[in-house]
Structures are given as C-alpha cells and as structure tokens.
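Examining the three-dimensional arrangement
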Amino acid sequence: MCPVCHKPMVVFEIEGIEIDGTGLTDSTNTRGILVLKGMSTVGDIRIDSCIIHDLATNSGAVTWEGSFGIMDIQEAADKGPPMLITNNIIYNISNNINSGHTGGIVVGSRTTSYAYNNTIYNIHNEGPSDGGAAWGIYAKAWPSGTGNATVIAKNNYVGDVTAPYDSVHDCFDARDNGILTQSYNVSSDSTAAGTGSHTL
C-alpha cells in the first residue's frame, strides 16, 4: 500500500517502483497506490513508470470499492490537484468476494487529469457467487455524481476485463458525472473510442 498523505503539495511524484501483491492472503481493500481526499489544488500528482500487479481482495467487506491498481478518492469537484498517470503497467487485479468493484485505474472528482501510455490487463471481479463491476480505466465523480471527474486518456492499452456476475466489465468507462475523453487507445472490448482508437 502507498497512501499519499493529506497535505498540500506543489508536486508529488511516484516513479519507477514495483508493487507486487504475490503471496498476499486474507487481504481486504487491496490497492497498489491510494490517493486520498483533502488535498490542495496547487501543483499536481504524478504516477509514472510503475509496475503494479497481483493484487487481490480475498476477505472482509469493501470500503471505497475493492481491489484497484491506482485508486483516487476525491469527493469534491476541483478540490484536488490534477493527476498525471503515465507509462505504468498494471495487471492481475482481482476481487474475490461477493461485493465491491475492481479496476486498473480510477480517478475521482478533481481538476482534469491525464492517463497516457498505460498498459492494463487481467482485471477480474470473480465473486465467487456474486459481485460487482470491473473496469480498466474509469472516471467517477465521488460520491455518486455530486462532483465532476474529467480524465483525458490517450495511447493506453486495456485488455481482459471481466465480471461474470455483473453486466459492467469495461476496459474504458465513465459514470456518475465522470467524463472520459479518449484518443489512440486500444481495448479488448468495444469501449476504446475517439480519434485513432482500436478494438481487438
């Protein structure tokens, strides 16, 4: 876990680290990088060239969703600095309990943020007998659409996103006043959109 502290910052950068959840057991609310609410709008947050993989939620009840590679909890529009999420590889993220969502990258209600050149695959919300949605890159205004969330997503690959007990399992998505502006993305489903994007 790598929570970003509750304090104003000019620039906060996480670069070139590996977060490996292999071997975790009995884990709850498993996130690689968790960006918390309550930050100043000054500067930006940069997450670059990280490898985040093999994270699973296997027990307990979820808080703020389930397993995510990079998760941003920002609950008020324009209250947090923009995020720049670039050149990361995120894979094998799973939710193995009967509640909660899972995803590669989720960005909350803050100023316009950017997801460029990321590779995300094997994102699964497995149940075992029920369960929620799964996403690759996801813009969501917290809580329940009361803010605004805008993400510019460009030159990303997202593949193999599954949720057998939910109708939502999208490589790219935006909900609850989220806005996802895409170009030059590739997805294994039909959700890559915008100029130059392709589906496999």
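Residues numbered from 1 in each chain as written. Predicted model: local features only at pLDDT ≥ 70, side-chain atom pairs only at ≥ 80, totals over all residues. Heavy atoms only, no water.

**Observations regarding the environment of G38**
Locating G38 in the fold gives a position in the loop between strand 4 (31-35) and strand 5 (44-48). Taking the C-alpha atoms as reference points, G38 and I73, 35 residues apart in sequence, are found 9.2 Å from one another. (Helix = DSSP H or I, 4+ residues; strand = E, 2+ residues; numbered from the N terminus.)

**With respect to the sheet that holds strand 2 (residues 11-15)**
Strand order in the open sheet formed by 6 strands is 2-5-8-11-14-17, with parallel pairing between adjacent strands. The sheet terminates laterally at strand 2 and strand 17 (178-183), the two strands that pair on one side only. On average, adjacent strands in this sheet sit at an angle of 10° to one another, irrespective of strand direction. Bridge count between strand 2 and strand 5: 5 bridges; the pairing is parallel. Directly across from I14, in strand 5, lies its bridge partner I47. (Pairing = 2+ DSSP bridges. Axes fitted to C-alpha atoms, helices over the stretch in contact; angles between N-to-C directions.)

**Observations regarding the pattern of salt bridges**
One pass over the full model with this rule turns up 2 salt bridges. Salt-bridge contacts for D44 lead to R46; the nearest nitrogen and oxygen are separated by 2.9 Å. Look at D44 and you get buried, because its relative accessible area is 13%. Residues R175 and D173 are paired through a salt bridge, measuring 2.6 Å at the closest nitrogen-oxygen approach. (Salt bridge = Lys/Arg side-chain N within 4 Å of Asp/Glu carboxyl O. Buried < 20%, exposed > 50% of the residue type's maximum accessible area, 1.4 Å probe, protein only.)

**So, the confidence of the model for the protein**
On average, residues of the protein carry a pLDDT of 85, and 88% of them reach 70 or more. Highest mean pLDDT in the protein belongs to strand 18 (residues 186-187) (98); lowest belongs to strand 1 (residues 3-4) (45). Contacts of residues 1-9 to residues separated by more than four positions or lying in other chains number 26 contacts, the stretch itself having pLDDT below 50. (pLDDT = per-residue confidence, 0-100. Contact = heavy atoms within 4.5 Å.)

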